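Structural overview
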Amino acid sequence: MKSILFVCLGNICRSPLADGIANKIARDYKLDLYIDSAGTSQWHIGEAPCQNSIKIAKQNGIDISGLKARTLHRHDSQTFEYIVAMDKQNKKDLISLGYENVYLIGEYGGFNGLDVPDPYFFPGFEGFEKVYEMLDLSIKDFLVKEKLWQ
Ligand code: 4NP
């Protein structure tokens, strides 16, 4: 079974949404994938995803309300073949922690390496709609390009 870990800073806004989107695709298309998410920080360990991420996921038929934030574990580098960062700072942090199999989600879906904007700092819900749209397109392209969806 192939495995993917989505990583952002807090593991409460972007990566739980990525986790939910990828898990839904895996379920719907019966892909043999193990998917999880984590944060580079320890700030929100044990917390549920932020309300706006739960809401935008729900609007798209995905329930992420039961997820709990966690930080990186030392064994993640062995467990996961693909460690997928939400922005360039996350990628840099992962590489400096010694992770090798690190990907940037913005390199997929035609976003030319764009960071997934951190919606934690946005006022309002609109930022989350944009984040959802970007993640949906880039994750689908990632799965196809990495031959995880075939
Ligand atoms: P995330 O968003 O990395 O997408 O989960 C953030 C959540 C919390 C903080 C920053 C980003 N924070 O500074 O607490």
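Attention in this report is confined to the structure presented alongside it. Computed from a predicted model, the values in this text were never measured in an experiment.

**A closer look at the overall build of the chain**
From N to C terminus, the chain includes five helices and four strands. A globule of 150 residues ought to have a C-alpha radius of gyration of about 15 Å, and the chain, at 14 Å, matches this closely. Structurally, the chain occupies a C-alpha span of about 35 × 35 × 30 Å along its principal axes. Residues counted as buried form 52% of the 150 residues belonging to the chain.

**Quick look at the nonpolar core**
Ile4, Phe6, Leu17, Leu135, Ile139 and Phe142 are the most contacted members of the largest nonpolar core, which totals 37 residues. By residue number, the principal contributor to this core is helix 5 (residues 126-145), which donates eight residues. Ala38, Ile83, Leu94 and Tyr99 belong to the second largest nonpolar core, which has 11 residues in total.

**Regarding the packing of aromatic side chains**
One pass over the full model with this rule turns up eight aromatic pairs. Taken together, the ring pairs connect Tyr82, Tyr103, Tyr108 and Phe142 into an aromatic cluster. A cation sits over an aromatic face here: lysine 55 above phenylalanine 125, 4.2 Å from the ring centre.

**Overview of unusual backbone geometry**
A negative phi angle is the norm for most residues apart from glycine, just as the trans form is the norm for most peptide bonds. The backbone of lysine 30 shows a phi angle near 50°, a positive value even though the residue is not glycine. Among the secondary structure elements, lysine 30 is positioned in the loop between helix 1 (14-28) and strand 2 (33-39). For lysine 30, a relative accessible area of 74% gives the class exposed. Even without being glycine, asparagine 112 reaches a positive phi, approximately 50°. The topology assignment puts asparagine 112 in the loop between strand 4 (102-104) and helix 5. On the accessibility criterion, asparagine 112 (78% relative accessible area) is exposed.

**Thoughts on helix 2 (residues 51-59)**
Residues of helix 2 that are buried include every one of Ser53, Ile54, Ile56 and Ala57, and no others. Phi turns positive, to about 80°, at glycine 61, one or two residues after helix 2.

**Some thoughts on the site of the ligand**
Surveying the vicinity of the ligand reveals the residues Cys8, Leu9, Gly10, Asn11, Ile12, Cys13, Arg14, Trp43, His44, Asp118, Tyr120 and Phe121. Within the backbone of asparagine 11, one N or O atom sits 3.2 Å away from an oxygen atom of the ligand. Contact distances for the ligand include 2.8 Å between an oxygen atom and a side-chain N or O atom of histidine 44. Considered on its own, the ligand offers 360 Å² of accessible surface; in the complex 92% of this is hidden by protein. Of the residues assigned to the shell around the ligand, the class counts are seven nonpolar, three polar and two charged.

Procedures and definitions
Residues numbered from 1 in each chain as written. Predicted model: local features only at pLDDT ≥ 70, side-chain atom pairs only at ≥ 80, totals over all residues. Heavy atoms only, no water. Helix = DSSP H or I, 4+ residues; strand = E, 2+ residues; numbered from the N terminus. Rg over C-alpha atoms; globule rule 2.2 N^0.38 Å. Buried < 20%, exposed > 50% of the residue type's maximum accessible area, 1.4 Å probe, protein only. Core = buried A, V, L, I, M, F, W, Y, C linked by side-chain atoms within 4.5 Å. Phe/Tyr/Trp six-rings, centres within 6.5 Å; stacked < 30°, edge-to-face > 60°. Lys NZ or Arg CZ within 6 Å of the ring centre and 35° of its normal. Near = heavy atom within 4 Å. Polar contact = N/O pair within 3.5 Å; in protein donor to acceptor, adjacent residues only side chain to side chain. Areas by Shrake-Rupley, 256 points an atom, 1.4 Å probe, with all protein chains shown as cover. Nonpolar A, V, L, I, M, F, W, Y, C, P; charged D, E, K, R; others polar.

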